[in-house]
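Each chain is listed here by its residues.
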Amino acid sequence: MRRFSRGGMFLMKKKWIILIAAVLALAAAAGGWYYYSSHKTKAVNYTLGTVGRGNISVEIDSTGTIKPVNSVDLSATVSGTLQKVLVKQNDHVTSGQTIAVINSKALTSTLQQAQDTLENKESYYNRIKALYDQNAVSYQEMENARLDYLTSQASFDKAQADVDDTVITAPMDGYIIGEPMEVGETVSQGLSSQMIIATVADLSSMQIKLLVDETDIGEVSKGETVTFTVDAYPNREFHGTVRDISKKEYSSSSSSSSSSSSSSSSSSSVVYYTVYVDINSDELDGLYPYMTARAEIHGRSSENALVVPTTALRSDSQGEYVYRKNGNGLEKAYVTVGITSDSSVEILKGLSEGDQVVVSGTVTDSEAAAATSSSRNNRPPMMP
């Protein structure tokens, strides 16, 4: 029989005590880690903001050219050389004032011939008419003489009108814009591009022709206010009002091409519409035709509206929504939006002032799933 000494028994008990102590230490460490991991605050990757109230409006930026509301390019309806030019650039003219005179020998000669023919036909008709009244000639002979006289009268009237057209007059009160043509220059009619003798513009009323992108044109209405600046006065702000919106589109095309063994090209068009803005009459001082205006159209606006940053708005198949703080988590809040500006969006329905919503950052899949689950009963009904 094997026997153990007292010393051996002591060593065995000591080993068991050390082993039990190690197991208890491991258990305590595991429990502490579990407690810590279950109670520590989870890190978030998003930023919350508070829903508040403020003023919001639609602002549409555009660039255009300042032009007179009324201006006329004076061109010739007859051919010849400029015999007189009676105005110079920036002169003020009145309606009916002579601007230039065209010398046309052919028209003068034609008028003289027409006048001679008219006098001859008139004299002949008067003699035949007198004879007809005495029953000395037939009615037909008298009628032929009358028709010849009327024809010559029409020819003379046309020749006179052509000569009258050699005198160029101002159609309205205004100013001569740009340099007129010079004496001795030849003018012609019927050219594909008309020869402009002079331009008369009424500078008492000016407008801007703005080109607005088709994505923004729906926000523009007649009567809306406009502010603009020009390069000549960068620190001065001018004002105007939308007078009209053209229904005719203007397309600006851009193209790109690439090649390998062969080349190909593609083009896309951006559609614009012309918006006519009347400049305030008391702010015309210092403005010149054809200046470039950098304008801002002030569209729809809402005061004391419920607003959130545009970065808070998201969308899915059900509609537009935000992530709203709910207790220690998030929930989806579907919203109805109104005016949208560059940085903010108006909330018409779905949120209350003081709500906290995610305004930036990333919502994790688990947080999004929890939010989706908590908001199932709040989803708007699907349209049939």
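Let me sum up the structure you'll find in this document. (Residues numbered from 1 in each chain as written. Predicted model: local features only at pLDDT ≥ 70, side-chain atom pairs only at ≥ 80, totals over all residues. Heavy atoms only, no water.)

Quick look at the pairing of strand 16 (residues 329–334) now. Summarising burial for strand 16: 5 of the 6 residues are buried, a large majority. Inspection of the sheet shows strand 15 (residues 319–326) paired to strand 16 by 6 bridges, in the antiparallel sense. Paired with V322 across the bridge in strand 16 is A333. The antiparallel hairpin formed by strand 15 and strand 16 contains 2 residues in its connecting segment, where G327 sits at a positive phi of about 65°. (Buried < 20%, exposed > 50% of the residue type's maximum accessible area, 1.4 Å probe, protein only. Helix = DSSP H or I, 4+ residues; strand = E, 2+ residues; numbered from the N terminus. Pairing = 2+ DSSP bridges.)

Bringing the packing of aromatic side chains into the picture now. If you walk through the whole model with that rule in mind, you get 6 aromatic pairs. By the ring-pair criterion, three or more aromatic residues cluster together here, those being F228, Y233 and F238. Across from the ring centre of Y233, 5.6 Å away, lies the NZ or CZ of R236, which sits over that ring. For the cation-ring pair, K332 lies above Y321, with the distance from its terminal atom to the ring centre recorded as 4.4 Å. (Phe/Tyr/Trp six-rings, centres within 6.5 Å; stacked < 30°, edge-to-face > 60°. Lys NZ or Arg CZ within 6 Å of the ring centre and 35° of its normal.)

Moving on, we get to the sheet that holds strand 3 (residues 80–85). Pairing in this open sheet of 4 strands is antiparallel, and the strands run 6-5-3-8 from one edge to the other. Only two strands of the sheet have a single partner each, and these edge strands are strand 6 (167–169) and strand 8 (186–187). Note: strand 5 (residues 98–103) against strand 6, 3 bridges, orientation antiparallel. Each residue of the ladder has a partner; that of A100, found in strand 6, is I168.

Their axes nearest at 8 Å, the elements helix 2 (residues 105–133) and helix 3 (residues 139–164) cross at an angle of 160°. Judged by the inter-axis angle, helix 2 sits roughly antiparallel to helix 3. Taken as a pair, helix 2 and helix 3 cross one another with a handedness that is left-handed. (Axes fitted to C-alpha atoms, helices over the stretch in contact; angles between N-to-C directions. Parallel < 35°, antiparallel > 145°, perpendicular 65-115°, else oblique. Left-handed = near helix turned anticlockwise from the far one by under 90°.)

Moving on: the pairing of strand 13 (residues 292–309). Here strand 2 (residues 52–75) pairs with strand 13 via 12 bridges, running antiparallel. Bridge pairing in strand 13 links I56 to S302. Relative to strand 13, strand 10 (residues 225–230) runs antiparallel, the two being bridged by 5 bridges. Counterpart to F228 in the pairing with strand 13 is A295. As paired elements, strand 13 and strand 18 (residues 344–349) share 3 bridges and run antiparallel to each other. Opposite P309, over in strand 18, you have S344 as the bridge partner.

A few words now on the side chain of T227. As for its placement among the helices and strands, T227 is situated in strand 10. The exposure class assigned to T227 is buried, which follows from its relative accessible area of 13%. Only 3.2 Å separates the side chain of T227 from the side chain of H298, close enough to count as a polar contact. Residue contacts for T227: discarding those within four places in its chain leaves E237, F238, H239, R294, A295, E296 and H298. (Polar contact = N/O pair within 3.5 Å; in protein donor to acceptor, adjacent residues only side chain to side chain. Contact = heavy atoms within 4.5 Å.)

Our focus in this paragraph is helix 2. The terminal C-alpha atoms of helix 2, which comprises 29 residues, lie 42 Å apart, in line with the 42 Å expected from a rise of 1.5 Å per residue. When we look at burial in helix 2, the residues that qualify are L107, L111, A114, L118, Y125 and I128. Taken together, the buried residues of helix 2 touch helix 3. Looking one or two places after helix 2, you find N135, whose phi comes out positive at around 60°. (Expected span 1.5 Å × (residues − 1).)

Not every positive phi belongs to a glycine, and Y290 is a case in point at roughly 75°. Counting through the fold element by element, Y290 comes out in the loop between strand 12 (263–279) and strand 13. On the basis of relative accessibility, which here comes to 53%, the residue Y290 falls in the exposed class. Phi is positive for N304, which is not a glycine, with a value near 55°. Inspection of the secondary structure puts N304 in strand 13. For N304, a relative accessible area of 51% puts it in the exposed group.

Following the criterion strictly, the structure yields 12 salt bridges and no others. Its salt-bridge partner being R243, residue D278 comes within 2.8 Å of it at the nearest N-O pair. A residue pair is termed long-range when its members are at least 10 positions apart, and D278 in strand 12 and R243 in strand 11 (residues 233–259) qualify at 35 residues. Of the charged contacts, one joins E331 and R324 as a salt bridge, the two residues approaching to 2.9 Å between their closest N and O atoms. Judged by its relative accessible area of 17%, R324 falls in the buried class. (Salt bridge = Lys/Arg side-chain N within 4 Å of Asp/Glu carboxyl O.)

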